[in-house]
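# Observations on the model geometry
Here are the chains, one letter per residue:
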Amino acid sequence: MPPYPLILAIGDSLVAGYGLATDDGFATQLERRLRAVHPAATVINAGRSGDTTADVRHRLPSVMSRLTSRPDLAIVQVGPNDVLRQVPPATTRAGLDAILVELGRCDIPVLLTTVAPPPILHDRARHHLGIHEELAARHGATCRDFFPAGILGRADMVLADRIHPNAAAIHLVVDAMLPTVLRMLDDG
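Residues numbered from 1 in each chain as written. Predicted model: local features only at pLDDT ≥ 70, side-chain atom pairs only at ≥ 80, totals over all residues. Heavy atoms only, no water.

A separate point is the overall build of the protein chain. When its secondary structure is counted, the protein chain shows eight helices and five strands. For the protein chain, the succession of helices and strands along the chain, N to C, is β-α-α-β-α-β-α-α-β-α-α-β-α. Here the C-alpha radius of gyration of the protein chain, 16 Å, is about what a compact globule of 188 residues would show, namely 16 Å. With respect to the three principal axes, the spread of C-alpha positions in the protein chain is 50 × 35 × 25 Å. A separation threshold of at least 6 residues defines the contact pool for the protein chain, and within that pool the share at least 24 residues apart is 81%. Total accessible area computed for the protein chain in this model is approximately 9,200 Å², and 54% of it derives from carbon and sulfur atoms. (Helix = DSSP H or I, 4+ residues; strand = E, 2+ residues; numbered from the N terminus. Rg over C-alpha atoms; globule rule 2.2 N^0.38 Å. Contact = heavy atoms within 4.5 Å. Areas by Shrake-Rupley, 256 points an atom, 1.4 Å probe, with all protein chains shown as cover.)

Okay, structure coming up:
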């Protein structure tokens, strides 16, 4: 019997755990917390640092083909690198739409996360704002912020690069996201 729940976490460095020990990364912390409720919970870390929406779109079929059973939930975190690399919003929208279509075709519920741009990038990001929410609504996905309020911009919540979250920040991310994940699993 496959583990329940099986969650696919796919996306960029926030999923991959850039700069963190494996035990401190998003997927491992989420799995640990889920096991308090579901002892067989498994969270697959399919994150890759630097990925854009197009990268995740191209990797998704390969990731899915390596799974031995259908995930009960997919958590998709992608988009900040599109803004940083000045990917046209239409390209981001098309890539994210294709990801949601593919996961929907596989009948996998999706938790789509977003990251608010820091003030210094707000102008660059303005045409990307709302894409995730729009597509989540169109595809019946759940959309929420990756970071809970009060985390972004805090010096004590980032690694030495002053960009990526540290283990304490990821702990707070998991705390805030866990009720949504559990609700989605109960509804599924």
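Read on, since the account is not over.
Before going further, it helps to spend a moment on the side chain of Arg144. Looking at the element boundaries, Arg144 is found in strand 5 (residues 142-145). No salt bridge is formed by the buried Arg144; the nearest opposite charge belongs to Asp145, separated by 6.7 Å. Those residues in contact with Arg144, other than ones at most four positions away along the chain, are Leu111, Leu112, Thr113, Thr114, Ala176, Met177 and Thr180. (Buried < 20%, exposed > 50% of the residue type's maximum accessible area, 1.4 Å probe, protein only. Lys, Arg positive; Asp, Glu negative; His and termini not counted. Salt bridge = Lys/Arg side-chain N within 4 Å of Asp/Glu carboxyl O.)

For His171, the location among the structural elements is in helix 8 (residues 167-187). Spatially, the C-alpha atom of His171 lies 15 Å from that of Asp145, the residues being 26 residues apart in sequence. Those residues within four positions of His171 in sequence are excluded, and the remaining contacts are Gln29 and Arg33.

It is worth spelling out the packing of helix 5 (residues 89-105) against helix 7 (residues 131-139) at this point. At their nearest, the axes of helix 5 and helix 7 sit 10 Å apart, and the two run at 30° to each other. It follows that helix 5 is roughly parallel to helix 7 by the angle criterion. The two elements helix 5 and helix 7 cross, and the hand of that crossing is right-handed. Between helix 5 and helix 7, the residues in contact are Pro89, Thr92, Arg93, Leu96, Asp97, Leu100 and Val101 and Ile131, His132, Glu134, Leu135, Ala136, Arg138 and His139, respectively. (Axes fitted to C-alpha atoms, helices over the stretch in contact; angles between N-to-C directions. Parallel < 35°, antiparallel > 145°, perpendicular 65-115°, else oblique. Left-handed = near helix turned anticlockwise from the far one by under 90°.)

Put simply, helix 2 (residues 26-34) and helix 8 touch, their axes get as near as 9 Å, and they point 55° apart. Judged by the angle between their axes, helix 2 and helix 8 are oblique. For the element pair helix 2 and helix 8, the recorded crossing hand is right-handed. On the side of helix 2, the interface is formed by Phe26, Gln29, Leu30, Arg33 and Leu34, while helix 8 contributes Ala167, Ile170, His171, Val173, Val174, Asp175, Met177, Leu178, Val181, Leu182 and Leu185.

Here Ala21 is to be found in the loop between helix 1 (13-16) and helix 2. Judged by relative accessible area, Ala21 falls into the partly exposed class, the value being 45%. In this structure, the C-alpha to C-alpha distance between Ala21 and Arg93, residues 72 residues apart in sequence, is 32 Å.

That is the geometry; function is a separate question.
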